[in-house]
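# Summary of structural features
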Protein chains: 2
Amino acid sequence: MDVAITEPFNREKQFAAKRRAVIRSAGQAFRRRGYHNASMKDIAQSLGLTKPALYYYVKNKEEVLLECHLMAYDAMDEILAVKRAANLTALDELERLFGQFVEMLTDAGVSLLTDVDSLSEPNKAAVLSRRRKIERKIVKLVKAGQNDGSIRNGDAQLHAFFFMGALNWLNAWYDAQGRLKSEQIAHHFALQMRRGIQA
Amino acid sequence: MDVAITEPFNREKQFAAKRRAVIRSAGQAFRRRGYHNASMKDIAQSLGLTKPALYYYVKNKEEVLLECHLMAYDAMDEILAVKRAANLTALDELERLFGQFVEMLTDAGVSLLTDVDSLSEPNKAAVLSRRRKIERKIVKLVKAGQNDGSIRNGDAQLHAFFFMGALNWLNAWYDAQGRLKSEQIAHHFALQMRRGIQA
DNA sequence: TATAATTTTGACCCTTGAGTCAAATTTATT
DNA sequence: AATAAATTTGACTCAAGGGTCAAAATTATA
């Protein structure tokens, strides 16, 4: 086989995959116990590694937190990127998006963290900028809905802040083993979001 | 004047007042920067004190966090304690309560914190127990609304989790100096909450 | 099998911040 | 003014946890 090129590429892939696993695992820990309550040693152990082995894959703890944030925002961007069908109202679209966000946070192991103050200034700014960009898209959609008549009037920003809270609060109570199943939550939340703002 | 009794009482009052000030000030710091990012030294300085002076009023940092949680729950209990007028639907009542919660978190300097994992087991259990007690009251009210026909059917717990998220998310974005004024937010949120669950 | 690259580790260093204490200062009482 | 109580502080101790490093172990390559 033509390994001369693919082999080193596979090595990189292995490395990247392991690195992602580190970030994801750390994300779970941060989500459950909080950034400062989850030590690098804990995170390493939960992957069957030792601390120095972790540091082979990441520069420092803050970098891990940063990537957790960005990973979640990437996932949200991906959901937001899908162009909506022309026949749907902005409200319909928002309902669909919101349901997908919920599923992403429950089903898929994506962790939407809130601890932004544990980042140093440049990173904090970067994360907040990403967050605002997503918020802006959503607010824009709310305004579109107010124009197409599907969403009732009122401060669009407040409309959005309200239901984004429901999303961020998921971390505090959602339990994959619990009574409430991902799909059920997504469906319920999407509807409650819709009703809250519909015209 | 008959000081023999009132004087020592005043001393205690002074002490208690200063102690409360410490808790409240710490609460602001925890809310803004997070429990672990706000050092006891910071908290002391923001009150014009030094660290050892703080420790004259509180046992340790965890105690401060605990009291912050309890203080917020006390305020919520107080709001919840008011008997509702017999002619109001449960939904009306819920709307009123929710608006009051929002005002309490914005106008009054009450800090509703989410960091429960930085508490040791017994304290964490105590805080979660208080939280659940409040949640239970609210869920009960939701169910009452489903009985009196003012609130649409669906999992009452999910109804509540959704709008409680909006409340907890306030910390992340509310700024007393910002564009959005307390009363406006309270009114808007109360309505959006109502619409989300009304029959 | 020998050699080189990658991955992992035990043992360490170092900073940060919680918490303490004996002594100083301020405030009230006789 | 003298004494006692309450309050505040400078100067510490100490543990936890982030991060490093030289060497060992593993895996791939010649």
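Everything discussed here concerns the structure shown above.
The following refers to the structure shown. Throughout this document, residue positions are counted from 1 along each chain, in the order its sequence is written. All chains are assigned letters beginning with A, and all ligands numbers beginning with 1, in the order in which they are written. Reporting of local features is limited, given that this is a predicted model, to residues whose pLDDT is at least 70; pairs of side-chain atoms are given and counted only at 80 or more, and all residues count toward the totals for whole chains, interfaces and linings. Excluded from the side-chain calculations are hydrogens and water; all other atoms, namely the structure's heavy atoms, are used.

### Considerations on the overall build of chain A
Our working rule: The numbering of helices and of strands both runs from the N terminus, where a helix is a DSSP run of H or I of at least 4 residues and a strand a run of E of at least 2. Relative accessible area decides the class of each residue, using a 1.4 Å probe on protein chains only: under 20% of the type maximum gives buried, over 50% gives exposed, and in between gives partly exposed.
From N to C terminus, chain A includes eight helices and zero strands. Going residue by residue from the N terminus, the α and β elements of chain A occur as α-α-α-α-α-α-α-α. Here the C-alpha coordinates of chain A stretch approximately 55 × 45 × 40 Å along the principal axes. Split into buried and exposed, the 199 residues of chain A put 48% on the buried side.

### A closer look at the interface of chain B and chain A
How we decide: Contacts are assigned to residue pairs that have any heavy atoms within 4.5 Å of one another. A simple way to read buried area is as the amount of 1.4 Å-probe accessible surface that goes missing from two parts once joined, with both sides added. Salt bridge criterion: a side-chain nitrogen from Lys or Arg within 4 Å of a carboxyl oxygen from Asp or Glu. Two N or O atoms form a polar contact when they lie within 3.5 Å of each other; inside protein one atom must be a possible hydrogen donor and the other a possible acceptor, and for residues adjacent in sequence the pair counts only when both atoms belong to side chains. Following the grouping adopted for this structure description, the nonpolar residues are Ala, Val, Leu, Ile, Met, Phe, Trp, Tyr, Cys and Pro, the charged ones are Asp, Glu, Lys and Arg, and the polar ones are all others, Gly among them.
Each partner contributes residues to the interface: chain B has 37 residues there, and chain A has 37 residues. Counting each side, the surface lost to burial between chain B and chain A is near 3,300 Å², with a carbon and sulfur contribution of 62%. Joining chain B to chain A, the criterion identifies two salt bridges. Among the salt bridges present, the one from Asp-155 of chain B reaches Arg-179 of chain A, with a minimum N-O distance of 2.6 Å. For the pair chain B and chain A, the interface holds eleven residue pairs in polar contact (both at pLDDT 80 or more). Mapped onto the side of chain B that touches chain A, the elements with two or more residues apiece are helix H1 (3–33), helix H7 (156–173) and helix H8 (182–197) of chain B. Of the residues forming the side of chain B that touches chain A, the biggest block, twelve residues, is contributed by H7 of chain B. A per-class count over the side of chain B that touches chain A returns 15 nonpolar, 13 polar and nine charged.

### Brief notes about the relation of the copies chain B and chain A
To keep things clear, this is the line we draw: Only residues with pLDDT of at least 70 in both copies count here: their C-alpha atoms drive the least-squares fit that superposes the copies.
With an RMSD of 0.0 Å, chain B superimposes on chain A once it is rotated by 180 degrees and translated 0.0 Å along the axis. Here the copies are linked by what is in effect a two-fold axis. The C-alpha atom lying nearest the rotation axis in chain B is that of Gly-196 of chain B; the distance is 1.9 Å. Comparing interface residues between copies, 100% of those in chain B also lie at the interface in chain A; the contact surface is shared.

### As for the pattern of salt bridges
Residues and elements named next belong to chain B. Tallied over the full model, the rule gives 22 salt bridges over all chains. The shortest N-O distance in the salt bridge between Arg-130 and Asp-74 comes to 2.8 Å. Residue Arg-130 is located in helix H6 (residues 121–147), and its partner Asp-74 is located in helix H4 (residues 61–81); the two are separated by 56 residues in the primary sequence. For Lys-124, the salt bridge is made with Asp-117, and the minimal N-O distance between the two is 3.1 Å.

### Quick notes on the nonpolar core
The test is simple: For our purposes a nonpolar core is just a set of buried Ala, Val, Leu, Ile, Met, Phe, Trp, Tyr and Cys residues, chained together by side-chain atoms within 4.5 Å.
By size, the foremost hydrophobic cluster in this structure holds 127 residues, and its most contacted members are Phe-163 of chain A together with Phe-163 of chain B. Setting aside chain neighbours within four positions, we find Phe-163 of chain A in contact with Leu-94, Phe-98, Ile-138, Val-142, Met-193 and Ile-197 of chain A together with Phe-162 and Gln-192 of chain B.

### As for a positive patch on the surface
Definition in use: Surface patches are defined over residues having more than 30% relative accessible area and no salt bridge, joining like charges when they lie within 9 Å and nonpolar side chains (Val, Leu, Ile, Met, Phe, Trp, Tyr) when within 5 Å. Method for areas: the Shrake-Rupley scheme with a 1.4 Å probe, in which residue coverage is limited to the protein chains shown. In this count, Lys and Arg are taken as positive residues and Asp and Glu as negative ones, while His and the chain termini are left out. Here the site of a charge means NZ on Lys, CZ on Arg, CG on Asp, or CD on Glu.
Side chains of Lys-83, Arg-84, Arg-132, Lys-133, Arg-136, Lys-137 and Lys-140 of chain A sit close together on the surface and give a patch of like positive charge. When you line up the elements, Lys-133 of chain A lands in helix H6 (residues 121–148).

### Some details on the environment of Lys-140 of chain B
All names here are of chain B. Position of Lys-140 among the secondary structure elements: in helix H6. Judged by its relative accessible area of 65%, Lys-140 falls in the exposed class. Sequence separation between Lys-140 and Leu-91 is 49 residues, and the spatial gap between their C-alpha atoms is 11 Å.

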